[in-house]
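Secondary and tertiary structure notes
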Amino acid sequence: MKTKKILLSEHEMPTAWYNIVADMPNKPMPALDPRTKKPVTAEAMGRIFGEELVKQEMSTERYIEIPDQVQDLYKIWRPTPVVRAYNLERMLDTPAKIYFKNEGTSPAGSHKPNTAIPQAYYNAKQGIKYLSTETGGGQWGSAMALACQYFNIDLRVYMVKVSYHQKPYRKLLMNAWGADVIPSPSTTTQAGRDILAHDPECSGNLGIAISEAVEIALAHGETTRYCLGSVMNHVLLHQTVIGEEAIRQMEIAGDEPDIVIGCFGGGSNFAGIGFPFLRRNLCEGKKTRIIAVEPASCPKLTRGEFQYDFGDTAGMTPLMPMYTLGHDFQPADIHAGGLRYHGAGPIVSQLYKDGLIEAQSVPQLETFAAGMMFAKSEGIIPAPESTHAIAVAIREAQRAKEEGTPKTILFNLSGHGLIDLYAYEQYFEHKLTDYNVPDEVIRKSLDSLDKIIR
Ligand SMILES: *Cc1c(COP(=O)(O)O)cnc(C)c1O
């Protein structure tokens, strides 16, 4: 009998997160204060984020222990399965073996609770009573709402307006878990009011929603902090439980992945699956290809520039070294809301600059076709974000067929799409299109940056 699902027991769950900074040949450059252009101090960062999270943000320790209480909550759904996609392989008639790690099994339906839970835990331990955050597709907001209720923290979520309307059930999930949800841009903040004065019809984006959430956190004082679901070093760190589990599961399967794939918004699920495998490239001389997949309509890695830029649209965050399209870049209203972000996290950006990881971009229609193929073969309806990883797994499996090489492919299924069926409806009705971003649009947005890296 062939094994389909590779499961770990609870006591095999990793007890530490992996901090790739310890093994990077070039460490990520520091975040800068936009006024002084000097590195941001832990103290300044601590006004926005929880104290322990700031320590993790700046840590160079290779492993950071996962607190017991966090491990206990992880066990609600972790360890997650690795599944061999035999049916998809058959449909593609490929000699490649395709495996996927299913992070859609969490209560919120994505990988995001892997970091939401420790973030709520460390903030609660510090006495924080109120958190603010933003959400694109609604996945991060719902993960954070889930986590906050375990620790009696009140949460306000600024939800990108286009998703607020496209995904009413995500908002209801957040409400069910006790969070207050506001469509962004809103009139509750100066950042939101400024954008609306300029463009009353603005459909919003993650950068704007971050500006609003940071502004509210700073305005509320000592018992309030802000939290972020991607991009930052500590977020990527927490997600490494995915790859740590996957390494053990691939060992059990008796296979070695040649290619590891994750879709790419700010880098958290990509880092989660990819960094533990990258450690083996950096420390053990392995040669696994690790591929980040972004939407063709928001191509920061493949067409952006490595530069210091704000993490938000209004320019309230520190300047971060990242591959960016410029913080003014307004991505098209594609359905992969979690991938509509102008920049890539600093660690991933440095690794990409150093040629240690790869990136590909995929147009929207190819991602939905891949998602449908996956749904038909493996039964799971993938999140529109995750279909990007599936599309490249399919591309690589087809290439393996053309070249006659039996490659082993592992991709991260970052979430299920059961709350994204509206997007599939649009696809079925042929209402979706590909958006090619003209070079001039990217150029214009990049030209407006204060070029700190010369
Ligand atoms: C948020 C999200 C993403 C994108 O964010 P990353 O930080 O790049 O992982 C991808 N897939 C799903 C299902 C998401 O919810």
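Since the model is a prediction, treat every value here as computed from it, not as a measurement.

Reading the values: rules and limits
- Residues numbered from 1 in each chain as written.
- Predicted model: local features only at pLDDT ≥ 70, side-chain atom pairs only at ≥ 80, totals over all residues.
- Heavy atoms only, no water.
- 1 Å grid on protein atoms, 1.4 Å probe; cavity = no way out; pocket = protein on both sides within 12 Å on 5 of 7 lines; lining within 4 Å.
- Points joined across faces, edges and corners; volume = space filled by probe spheres on them.
- Helix = DSSP H or I, 4+ residues; strand = E, 2+ residues; numbered from the N terminus.
- Nonpolar A, V, L, I, M, F, W, Y, C, P; charged D, E, K, R; others polar.
- Pairing = 2+ DSSP bridges.
- Contact = heavy atoms within 4.5 Å.
- Axes fitted to C-alpha atoms, helices over the stretch in contact; angles between N-to-C directions.
- Expected span 1.5 Å × (residues − 1).
- Buried < 20%, exposed > 50% of the residue type's maximum accessible area, 1.4 Å probe, protein only.
- Disulfide = S-S within 2.5 Å.
- Near = heavy atom within 4 Å.
- Polar contact = N/O pair within 3.5 Å; in protein donor to acceptor, adjacent residues only side chain to side chain.
- Areas by Shrake-Rupley, 256 points an atom, 1.4 Å probe, with all protein chains shown as cover.
- Lys, Arg positive; Asp, Glu negative; His and termini not counted.
- Salt bridge = Lys/Arg side-chain N within 4 Å of Asp/Glu carboxyl O.

Focus: the layout of surface pockets
- In this structure, the largest pocket occupies an estimated 430 Å³ of space.
- Lining the largest pocket are 28 residues, and of these Pro 30, Ala 31, Met 45, Glu 57 and Asn 233 sit closest to its centre.
- Within the residue set of the lining of the largest pocket, elements represented by two or more residues are helix 2 (51-58), helix 10 (206-220) and strand 13 (319-324).
- Its residues assigned to classes, the lining of the largest pocket shows 21 nonpolar, 5 polar and 2 charged.
- What the second largest pocket holds in volume is close to 300 Å³.
- In terms of lining, the second largest pocket is formed by Asp 33, Pro 34, Arg 35, Val 40, Ala 44, Met 45, Arg 47, Ile 48, Leu 218, Met 316, Thr 317 and Pro 318.
- Taken together, the residues that form the lining of the second largest pocket break down as 8 nonpolar, 1 polar and 3 charged.

Some thoughts on the sheet that holds strand 10 (residues 259-263)
- If you trace the 7 strands from one edge of the open sheet to the other, you get 1-4-5-15-10-11-14, paired in mixed fashion. The sheet is open, and its two edges are formed by strand 1 (5-6) and strand 14 (358-362), each paired on a single side.
- In this sheet, strand 11 (residues 289-295) lies alongside strand 10 in parallel orientation, the contact comprising 5 bridges. Paired with Gly 262 across the two strands is Ala 292, which belongs to strand 11.
- Along the sheet, helix 13 (residues 268-284) makes contact with strand 5 (97-102), strand 10, strand 11 and strand 15 (408-413), crossing strand 10 at roughly 155 degrees.

Observations concerning helix 16 (residues 364-378)
- Between the first and last C-alpha of helix 16 there are 21 Å, a value that for 15 residues agrees with the 21 Å anticipated at 1.5 Å per step.
- When we look at burial in helix 16, the residues that qualify are Gln 364, Thr 367, Phe 368, Ala 370, Gly 371, Met 372, Phe 374, Ala 375, Ser 377 and Glu 378.
- Two residues or fewer past helix 16, Gly 379 is found with a positive phi of approximately 90 degrees.

As for the packing of helix 9 (residues 190-198) against helix 10
- Their axes nearest at 8 Å, the elements helix 9 and helix 10 cross at an angle of 145 degrees. Together, Gln 190, Ala 191, Gly 192 and Ile 195 of helix 9 and Ile 208, Ser 211, Glu 212 and Glu 215 of helix 10 make up the contact between the two elements.
- Tallied by class, the residues present in the contact of helix 9 with helix 10 amount to 3 nonpolar, 3 polar and 2 charged.

Observations concerning empty space enclosed by the protein
- Counted by the stated rule, this structure contains 3 cavities of 30 Å³ or more.
- By volume, the largest cavity amounts to about 370 Å³.
- Taken together, 30 residues line the largest cavity, and the ones lying closest to its centre are Lys 112, Leu 206, Gly 229, Ser 230 and Gly 338.
- Breaking the lining of the largest cavity down by element, the ones donating at least two residues are strand 6 (130-135), helix 6 (139-150), helix 10 and helix 13.
- Considering only enclosed or pocket space, the second largest cavity measures out at about 80 Å³ in volume.
- Forming the boundary of the second largest cavity are 16 residues, of which Pro 295, Ser 297, Ile 334, Gln 364 and His 388 lie nearest the centre.
- Secondary structure elements with two or more residues in the lining of the second largest cavity: helix 16 and helix 17 (386-403).
- Looking at the lining of the second largest cavity element by element, the count peaks at 3 residues for helix 16.

Considering the state of the cysteines
- In the structure shown here, the tally under the stated rule is 0 disulfides.
- Looking at Cys 202, it has no disulfide partner, and the nearest cysteine sulfur is the one in Cys 298, 15 Å off.
- For Cys 202, a relative accessible area of 7% gives the class buried.
- For Cys 298, which is in no disulfide, the shortest distance to another cysteine sulfur is to Cys 263 and amounts to 13 Å.

Topic: the site of the ligand
- Close to the ligand lie 18 residues; Lys 112, Ser 230, Gly 265, Ser 268 and Ser 414 are nearest.
- Contact distances for the ligand include 2.5 Å between an oxygen atom and a side-chain N or O atom of Ser 230.
- Take Ser 268: an N or O atom from its side chain is 2.7 Å from an oxygen atom of the ligand.
- Contact with the protein chains removes 97% of the 380 Å² of surface that the ligand exposes when unbound.

A short note on the side chain of Arg 170
- With respect to the helices and strands, Arg 170 occurs in helix 8 (residues 168-176).
- Among buried charged residues, Arg 170 stands out as having no salt bridge; its nearest opposite-charge side chain is Asp 420, 4.9 Å away.
- In terms of polar contacts, Arg 170 uses its side chain to reach the side chain of Gln 139, at 3.1 Å.

Here we look at the sheet that holds strand 7 (residues 154-160)
- One open sheet holds the 4 strands; their spatial order is 8-7-6-9, and the pairing between them is parallel. Edge positions in the open sheet fall to strand 8 (180-184) and strand 9 (224-226), since each of these has one partner strand only. On average, each strand axis in the sheet is inclined to that of its neighbour by 20 degrees, with strand direction left out of account.
- Here strand 6 runs beside strand 7; their pairing, made up of 6 bridges, is parallel. Its bridge partner lying in strand 7, Thr 135 is registered against Met 159.
- Set on the sheet, helix 6 makes contact with strand 6 and strand 7; between it and strand 6 the angle comes to about 160 degrees.

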